[in-house]
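Listed below, chain by chain, are the residues.
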Amino acid sequence: MDGAARSGDAARGRALAQELVDGRAAGGPPPGSGPEVWLAFDQHVRHTVGYGPPPLAAPVELRLCHARGWTRQPALDDPQAPPELVAIRTADTVAPVRDRARAALERALSAHPEDTLLALTPLALRLGRREHGGWILDRFEGALRGRAAAHAPWWHPRRPPAAPAGAADVLSALLAGPDPQTRRFATRLALTGPGPVDALECARRAAAELDPVTAGLWADAALAALVAPPAPAAPAAPGADGPGGGQACAVTDAVTDTVTDTVSDAVTDALTESPLPAVRAAGVTALRRAGRAAEGARHLADGSGLVRACARWLVAQDGGDPREQYRWLIADPAGPSPYAVTGLAECGSREDTALLRELLAHPVGRVRAAALAGLRRRDAAVEDSVLLALLDDPAASVAREAALSLLPAAARLDPAHLAERAALRGPLHTRRAAFRLLRAQGGIHALRASVALIDDWDPKTRTTARATVRGWDWLLTRFTRQADTAELAALLKRSAKLFDDHELALWRARLGLTH
């Protein structure tokens, strides 16, 4: 769950709490609400109702979140108390409230262990960060580990089809839940279970996981399982040393090696197909152990710099030259990948600068942008006139890279040319690039452009322009004589709506515009 989703859940919890306090709702959040909703609900009710006694017919949710511990404690005995609020009270700051809440949660774990663990584990992980939240986290982890010891087949990734019901559902649901923190917690517990892990199952989970931390845990477990020592062979049957016995052992070893190679290839293929760069990099590195180092060239043009670096190492370990491979990829008649151009810039030499310059005229915009970024990476000089012309490139990525390359030279650029590019009639990406260079240039030219764009139709440009004007040191501009008082007065008048009356009067007084 990203920050925006957490903020949205917290806002929803506060809104539900306010409805309850105002009497517009009869209860708390609906079943299935996330942990952030319940935590925000509890905090908002606590801070809103104060320490006064609640109404006699107050909902149990209101009493459980009340600011007075004497009100929260008896509410825990209400049979309608939501389990989420009971769990929150186990980390309460008042010891009697904590003790009664923990006893109630123990009864719930005894009566309905699967439902309780499944519903409250995400909340327990958040509560574990509090001063008194260690109990619930340790209790839940102990309960899960205890069930793992009793039902090892369902707890571990290698699970037979006839796994016990109930217990297996808890692990499967926690590992497939929407909350990344819960998946990380469940993954760590699953990987520390008894017995060897299933390398292929771990690799498949790593490839399907979108959370980088959880995917890294599965990938590390998969690779560790590949290099784990094999299980000891069973003792030979009586008479194995007789005719045919040695041949049977040799056939068994050959079959075992074949199966191991097949699993290793499947694990490596699954990792290299992951959408996460760190997992793909682990899979590319594992190609060498699998005896497939020659496949490293296929990953030289990966979209991730980490994967490209691992692929270059793999090619070099196999005796190849990554630089020559990149030059061959760029010369492909079907057209080079922009990531192949970036890879050449990452490992190329001075001789490759000319090739990167030629790619500035490539018909594909992403290739032109990659070539421009590569030249900047290699500290290769590009004429200002060439870069200024690229500000008008139809590809937005090229204009952005040109602006980045021009930033160190912004002071010597013609401000009139940049102001013309930042005009309202130009393409959006060209205007943004020119405005960025004007702001880097500073001085009165940046102020003029910012004032001209405070009502721009593009929200990003408008916000940046207004922030620049509000943070401008008008007095310094006057003392350095970059503009006369009349021009500064006109600019301040055009941007007056950005300041309150006090700020506007203050700047006018400092500039000597009181009359």
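None of these values were measured; they are calculated from a predicted model. Position labels on residues start from 1 in each chain and follow its written sequence. In keeping with the model being predicted, local features are shown solely for residues with a pLDDT of at least 70 and side-chain atom pairs are shown and tallied solely at 80 or more, while totals for entire chains, interfaces and linings include all residues. Only hydrogens and water are set aside when side-chain values are computed; all heavy atoms of the structure are taken into account.

**Student:** Sorry if this is basic, but what is going on with the overall build of the protein here?
**Tutor:** Starting at the N terminus, helices and strands are each numbered in turn, a helix being any DSSP run of H or I of at least four residues and a strand any DSSP run of E of at least two. Scanning the protein from terminus to terminus reveals 29 helices and zero strands. By the convention used here, residues are in contact when the closest approach between their heavy atoms is within 4.5 Å. Taking contacts inside the protein between residues at least 6 apart in sequence as the whole, the part at least 24 apart equals 58%. Approximately 26,000 Å² of the protein is accessible, and the part contributed by carbon and sulfur atoms is 56%. Only the protein chains shown count as covering a residue, and every accessible area follows the Shrake-Rupley method with a 1.4 Å probe.

**Student:** Is there a simple way to explain the side chain of Asp 302 in this structure?
**Tutor:** Mapped onto the elements of the fold, Asp 302 is located in the loop between helix H15 (277–289) and helix H16 (305–317). For the purposes of these results, a polar contact is taken to be a pair of N or O atoms within 3.5 Å, where, inside protein, one atom must be able to donate a hydrogen and its partner to accept one; residues adjacent in sequence count only when each atom of the pair is a side-chain atom. From its side chain, Asp 302 meets the backbone nitrogen of Ser 304 in a polar contact 2.9 Å long. In contact with Asp 302, other than residues within four places in its own chain, are Arg 280, Val 307, Arg 308 and Tyr 339.

**Student:** Would you take a moment to explain the packing of helix H24 (residues 428–441) against helix H25 (residues 443–452) for this structure?
**Tutor:** In helix packing, the relevant descriptors are the interaxial angle and the interaxial distance, both defined with respect to the helix axes. Inter-axis angles, ranging from 0 to 180 degrees, are taken between N-to-C directions of lines fitted to C-alpha atoms, where helices are fitted over the stretch in contact. Where H24 meets H25, the closest approach of the two axes is 7 Å, and the angle between their N-to-C directions is 140°. One element, H24, and the other, H25, form an angle in the oblique class. Taken as a pair, H24 and H25 cross one another with a handedness that is left-handed. Residues Phe 435, Leu 438, Arg 439 and Gln 441 of H24 form the contact with H25, whose participating residues are Gly 443, His 445, Ala 446, Ala 449 and Ser 450. All residues other than Ala, Val, Leu, Ile, Met, Phe, Trp, Tyr, Cys, Pro, Asp, Glu, Lys and Arg, Gly among them, are scored as polar; the first ten of these are nonpolar and the last four charged. A breakdown of the residues in the contact of H24 with H25 according to their chemical character gives four nonpolar, four polar and one charged. Should an angle fall under 35 degrees it is called roughly parallel, over 145 degrees roughly antiparallel, and 65 to 115 degrees roughly perpendicular, with every other angle called oblique. Crossings are sorted by hand: turned counterclockwise from the far helix by less than a right angle, the near helix makes the crossing left-handed, and turned clockwise it makes it right-handed.

**Student:** Got a minute to help me understand the pattern of salt bridges in this structure?
**Tutor:** A side chain of one charge can pair with a side chain of the opposite charge if their charged atoms are brought near each other. In what follows, salt bridge is the name for a side-chain nitrogen of Lys or Arg lying within 4 Å of a carboxyl oxygen of Asp or Glu. Per the counting criterion, the structure on display carries 35 salt bridges. A salt bridge links Arg 63 to Asp 78, with the shortest nitrogen-to-oxygen separation between them at 3.0 Å. With a gap of 15 residues between them, Arg 63 in helix H3 (residues 60–64) and Asp 78 in the loop between helix H4 (69–75) and helix H5 (83–89) connect regions that are remote in the sequence. Salt bridges linked by common partners bring Asp 42, Arg 46, Arg 72, Arg 89 and Asp 92 together as one network.

**Student:** Before we go on, may I ask you to explain the packing of helix H13 (residues 212–227) against H15 in this structure?
**Tutor:** It is the contact of H13 with H15, at a shortest axis distance of 10 Å, that shows an interaxial angle of 10°. Considering their axes alone, H13 and H15 lie roughly parallel with respect to each other. Judged by residue contacts, Ala 215, Ala 219, Leu 223 and Val 227 of H13 engage Val 279, Ala 282, Ala 286 and Arg 289 from H15.

**Student:** What is the right way to read the environment of Lys 497 from this model?
**Tutor:** Residue position: Lys 497 is located in the loop between helix H28 (485–494) and helix H29 (501–510). When neighbours within four sequence positions are excluded, Lys 497 is seen to be in contact with Ile 454, Asp 455 and Arg 466. Among the polar contacts made by the side chain of Lys 497, one reaches the side chain of Asp 455 at a distance of 2.5 Å.

**Student:** What am I meant to see in a positive patch on the surface here?
**Tutor:** Like charges are joined within 9 Å and nonpolar side chains (Val, Leu, Ile, Met, Phe, Trp, Tyr) within 5 Å, but only among residues with over 30% relative accessible area and no salt bridge; these make up the patches. A positive count includes Lys and Arg, and a negative count includes Asp and Glu. His and the chain ends are not counted in either. Just so you know, the charge point we use is NZ for Lys, CZ for Arg, CG for Asp and CD for Glu. A surface patch of positive charge is lined by Arg 400, Arg 436, Arg 439 and Lys 460. Here Arg 436 is to be found in helix H24.

**Student:** Hey, could you run me through helix H6 (residues 95–111) in this one?
**Tutor:** Residues spaced three or four apart along an α-helix face the same direction, because each turn holds 3.6 residues. Taking 1.5 Å per residue as the helical rise, H6 with its 17 residues ought to reach 24 Å, and the 24 Å between its terminal C-alpha atoms agrees with that figure. The classification of residues rests on relative accessible area computed with a 1.4 Å probe and restricted to protein chains. Under 20% of the type maximum is buried, over 50% is exposed, and intermediate values are partly exposed. Listed in full, the buried residues belonging to H6 are Val 97, Arg 98, Ala 101, Arg 102, Ala 104, Leu 105 and Leu 109. Along the axis of H6, the buried positions cluster into a sector of 165°, meaning they face one direction only. The exposed residues of H6 that point more than 90 degrees off its buried face are Arg 107 and Ser 110. Here the expected length of a helix is defined as 1.5 Å per residue gap, with one fewer gap than residues. It is the directions from the helix axis to the C-beta atoms whose arc is reported.

**Student:** Mind showing me how you'd approach the environment of Pro 275 here?
**Tutor:** Summarising the element assignment, Pro 275 is placed in the loop between helix H14 (245–272) and H15. On the accessibility criterion, Pro 275 (48% relative accessible area) is partly exposed. Taking C-alpha positions, Pro 275 is 8.1 Å from Ala 208, a pair spaced 67 residues apart along the chain. Leaving out residues up to four positions away in the same chain, Pro 275 has contacts with Ala 207, Leu 210 and Arg 280.

**Student:** Sorry if this is basic, but what is going on with the packing of aromatic side chains here?
**Tutor:** Pairing of aromatic side chains requires ring centres within 6.5 Å, counting the rings of Phe and Tyr and the six-membered ring of Trp. Pairs whose planes differ by under 30 degrees are stacked, by over 60 edge-to-face, and all others tilted. If you walk through the whole model with that rule in mind, you get one aromatic pair. For the pair Trp 38 and Phe 41, a centre-to-centre distance of 6.2 Å together with 75° between the ring planes defines the contact as edge-to-face. Of this pair, Trp 38 and Phe 41 both sit in helix H2 (residues 35–49), separated by three residues, roughly a single helical turn. In terms of burial, Trp 38 and Phe 41 fall into one category: buried. Charge-over-ring contacts are defined here by two conditions on Lys NZ or Arg CZ: a distance within 6 Å of the ring centre and an angle within 35 degrees of the ring normal. Taking the ring centre of Phe 435 as reference, the NZ or CZ of Arg 439 above it sits at 5.0 Å.

**Student:** Sorry if this is basic, but what is going on with the confidence of the model for the protein here?
**Tutor:** Detailed reading of the predicted coordinates is not advisable wherever pLDDT is low. In the predicted model, the protein carries a mean pLDDT of 87, and the fraction of residues at 70 or more is 89%. Scored from 0 to 100, pLDDT reflects the predictor's confidence in each residue. Note on residues 157–165: pLDDT is under 50 here. Beyond four places in sequence and across chains, it has 17 contacts. Low pLDDT, under 50, characterises residues 233–259; the stretch is placed with two contacts to residues that sit more than four places away or in other chains.

**Student:** Would you explain the nonpolar core in this entry?
**Tutor:** Within soluble globular proteins, side chains that are nonpolar generally end up buried alongside one another. The term nonpolar core refers to a set of buried residues drawn from Ala, Val, Leu, Ile, Met, Phe, Trp, Tyr and Cys, joined through side-chain atoms within 4.5 Å. Val 341, Leu 391, Leu 447, Trp 474 and Phe 499 are the most contacted members of the largest nonpolar core, which has 66 residues in total. The element that contributes the greatest number of residues to this core is helix H20 (residues 365–377), accounting for six residues. Contact partners of Val 341, with chain neighbours within four places excluded, come to Ile 330, Pro 336, Leu 356, Leu 359, Val 367, Ala 370 and Ala 371. Formed by 63 residues, the second largest nonpolar core is a distinct cluster that contains Ala 104, Ala 190, Ala 206 and Val 279.

**Student:** Would you take a moment to explain unusual backbone geometry for this structure?
**Tutor:** You will see that Asp 379, though not glycine, has its phi angle at about 55°, which is positive. Residue Asp 379 is classed as exposed on the basis of its relative accessible area, which comes to 71%. In the Ramachandran plot, Arg 481 falls in the positive-phi region, its phi being about 60° despite a non-glycine side chain. For Arg 481, the position within the fold is in the loop between helix H27 (474–479) and H28.

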